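Listed below, chain by chain, are the residues.
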Amino acid sequence: MTTSTPDSLTAPMAPSQPISTSQHQSGLAMHILGAVAFVHLLNDLVQAMLPSIYPMLKAEFALSFTQVGLITLTFQCTASLLQPWIGLYTDRRPLPFLLPIGMCFTLAGVLMLAVVSSFSTLLIAAGLIGVGSSTFHPEASRVARMASGGRYGFAQSLFQVGGNVGSALGPLLAAAVIVGRGQGNIAWFSLMTLLAIGVLYSVSRWYSGHLASFKPKAGGHAGPNLSRNKVLGALGVLALLVFSKYIYMASLSSYYTFYLIDKFHLSIGSAQMYLFLFLASVAAGTFMGGPIGDRIGRKRVIWISILGAAPFTLLLPYVDLFWTAVLTVIIGFVISSAFSAIVVFAQELVPGKVGMIAGIFFGLMFGVSGIAAAAMGHLADISGIAYVYKLCSYLPLLGILTVLLPHIEQAKK
């Protein structure tokens, strides 16, 4: 589409703006938001395929839990450590066509994963998939904000829920296409990355064409009236909150199937169905968290989300299979509702650094949780997988740190 976009599409709408103008712009904004959310679905679906086939890889390659944790570490480090730097660089010099180029790394990783024959090449394949993710998230998050029309929480939730839906579908497709059919069937997932490359090429053309109208606004949005130390302190608190969330989520996404198989003697296919229920609840919670944060305030959502999950995580290691399923659905819904609020809160603390903030909160904390996942794998080898869940159940108690966040939303009124 070659129609130019008014400035109001890329900046918060003024209260006096006519409703008809907003309605006219919303169709184009939703088209772009839908596109990046859809690719986020495809991207995270491919990512979720990897831990979903861990039991198969563990058997075929005779891996220990420590080696399974190292696969997660390799993937999450390449998917995360690059993200803040890519985000920081593209805040200064945006690279619209980095989106489809980065997805080519994911394509290479998927194809390699289908044919590798050693643990070392398995790590390389996982690393390539991670590189593709590290280039996608900062720039795609920027596109979502550009197309938000000022509804930043909603845009971030829609973008993020695409990834959550993909993460929920990944285990189902892995069970249907790969498990029991052989490693070579992983190559079918390359079709999804090819589709993602095509969609991202179109998004990049829109991004490139609208970059000029967005860029002048990037530095014009005033941040909260806080000192540098208070801003850094608030970012540190948000990082710790995301840290606790990601580590707990890593314990479920990477080891939940092993936990169910070990404790309740489920088959791999049955365990993956329970993993799907958990990941679907994560998608639902993510979608609800952003719009609610736009209405009642992001700090309140963060309070409810992380600290509110603690009673359920503390109960989880001690209940039967039925209540395990119920509690993990509740935990997934509650704890995931904070993420969009945390990202937008951080972006409002540091205006004009959308890519860097997205890189830190999508990436760096994701990598830290990857290190934790490797440590959890080693701990499971020593003390058992059930002990890991007992230990991780205390992490949401860090939600009490929310009390240290400034009231920036009140200050803006």
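The numbering scheme is per chain: residues are counted from 1 as the chain's sequence reads. Two thresholds apply to this predicted model, a pLDDT of at least 70 for residue-level local features and 80 or more for giving and counting side-chain atom pairs, whereas whole-chain, interface and lining totals are computed over all residues. Think of the side-chain values as coming from all heavy atoms in the structure, minus any hydrogens and water.

The next point concerns the overall build of the protein chain. Counting from the N terminus, the helices are DSSP H or I runs at least four residues long and the strands are E runs at least two residues long. When its secondary structure is counted, the protein chain shows 16 helices and 0 strands. Buried residues are those whose accessible area, probed at 1.4 Å on protein chains only, stays under 20% of the maximum for their type, while exposed residues exceed 50% and partly exposed ones sit between those limits. Residue burial in the protein chain is summarised as follows: out of 413 residues, 57% are buried. Relative to all contacts within the protein chain whose residues are 6 or more apart in sequence, the contacts with residues 24 or more apart total 84%. Surface accessibility follows the Shrake-Rupley procedure with a 1.4 Å probe radius. Residue values consider only the protein chains on display as shielding. Accessible surface for the protein chain amounts to roughly 16300 Å². Of this, 68% is attributable to carbon and sulfur atoms. Residue contacts are defined here by distance: any two heavy atoms, one from each residue, within 4.5 Å place the two residues in contact.

This part takes up the side chain of Ser148. Inspection of the secondary structure assignment puts Ser148 in the loop between helix 6 (119-146) and helix 7 (152-177). Within 3.5 Å is the distance limit for a polar contact, defined as a pair of N or O atoms, with the added protein rule that one can donate a hydrogen and the other accept it, and that residues adjacent in sequence qualify only through two side-chain atoms. At a separation of 2.8 Å, a polar atom in the side chain of Ser148 contacts the main-chain carbonyl oxygen of Arg145.

Moving on, we get to helix 5 (residues 98-113). The span expected for a helix works out to 1.5 Å for each residue beyond the first. Taking 1.5 Å of rise per residue, the 16 residues of helix 5 would be expected to cover 22 Å, and the 23 Å separating its terminal C-alpha atoms lies within 8% of that figure. Turning to helix 5, its buried residues number three or more, namely Leu98, Leu99, Pro100, Gly102, Met103, Thr106, Leu107, Gly109, Val110 and Leu113.

This next bit is on a nonpolar patch on the surface. A cluster of nonpolar side chains, namely Phe287, Met288, Ile292, Ile296, Ile304 and Phe333, defines an oily patch on the protein surface of about 510 Å² accessible area. Residue classification places Ile292 among the partly exposed positions, given a relative accessible area of 34%. Surface patches are defined over residues having more than 30% relative accessible area and no salt bridge, joining like charges when they lie within 9 Å and nonpolar side chains (Val, Leu, Ile, Met, Phe, Trp, Tyr) when within 5 Å. A pair is scored as a salt bridge if a Lys or Arg side-chain nitrogen falls within 4 Å of a carboxyl oxygen belonging to Asp or Glu.

Attention now moves to the nonpolar core. Only buried Ala, Val, Leu, Ile, Met, Phe, Trp, Tyr and Cys residues count toward a nonpolar core, and they belong to the same one when joined by side-chain atoms within 4.5 Å. Met49, Ile53, Leu57 and Leu113 are the most contacted members of the largest nonpolar core, which totals 93 residues. The element contributing the most residues to this core is helix 1 (residues 19-52), with 12 residues. Contact partners of Leu113, with chain neighbours within four places excluded, come to Met49, Leu50, Ile53, Leu122, Ala125, Ile129, Gln183 and Ile186. With 24 residues, the next largest nonpolar core counts Ile302, Ile306, Phe345 and Phe361 among its residues.

A word on the pattern of salt bridges. Taken as a whole and judged by the stated rule, the model has 2 salt bridges. As a salt-bridge pair, Arg142 and Asp91 come within 2.8 Å of each other at their nearest N and O atoms. Of this pair, Arg142 sits in helix 6 while Asp91 sits in helix 4 (residues 83-92), and the two are 51 residues apart along the sequence. Taking the relative accessible area as the measure of exposure, Arg142 reaches 5% and is therefore buried. Glu139 is the salt-bridge partner of Arg142, the closest N and O atoms lying 3.0 Å from each other. Here Arg142 pairs with Glu139, and both are found in helix 6, just 3 residues apart, close to one helical turn. Each member of the salt-bridge network shares a partner with another, and the members are Asp91, Glu139 and Arg142.

A few words on the packing of helix 11 (residues 298-315) against helix 12 (residues 321-336). Packed helices, taken two at a time, are described by the angle between their axes plus the distance between the axes. Angles here are taken between N-to-C directions and fall from 0 to 180 degrees, while the axes themselves are lines fitted to C-alpha atoms, restricted in helices to the stretch in contact. Relative to each other, helix 11 and helix 12 sit at 165°, their axes nearing to 8 Å. In terms of axis orientation, helix 11 runs roughly antiparallel to helix 12. Taken as a pair, helix 11 and helix 12 cross one another with a handedness that is left-handed. Counted together, Ile304, Ser305, Gly308, Ala309, Phe312, Thr313 and Leu315 of helix 11 and Leu327, Ile330, Ile331, Val334, Ile335 and Ser336 of helix 12 form the full contact between these two elements. As a working rule, the residues Ala, Val, Leu, Ile, Met, Phe, Trp, Tyr, Cys and Pro are called nonpolar, Asp, Glu, Lys and Arg charged, and the rest polar, with Gly in that last group. Of the residues contributing to the contact of helix 11 with helix 12, the split by class is 9 nonpolar, 4 polar and no charged. Relative orientations are named as follows: roughly parallel for angles under 35 degrees, roughly antiparallel for angles over 145 degrees, roughly perpendicular for angles from 65 to 115 degrees, and oblique for any other angle. By convention the crossing between two helices is left-handed if the near helix lies anticlockwise of the far one by an angle smaller than a right angle, and right-handed if it lies clockwise.

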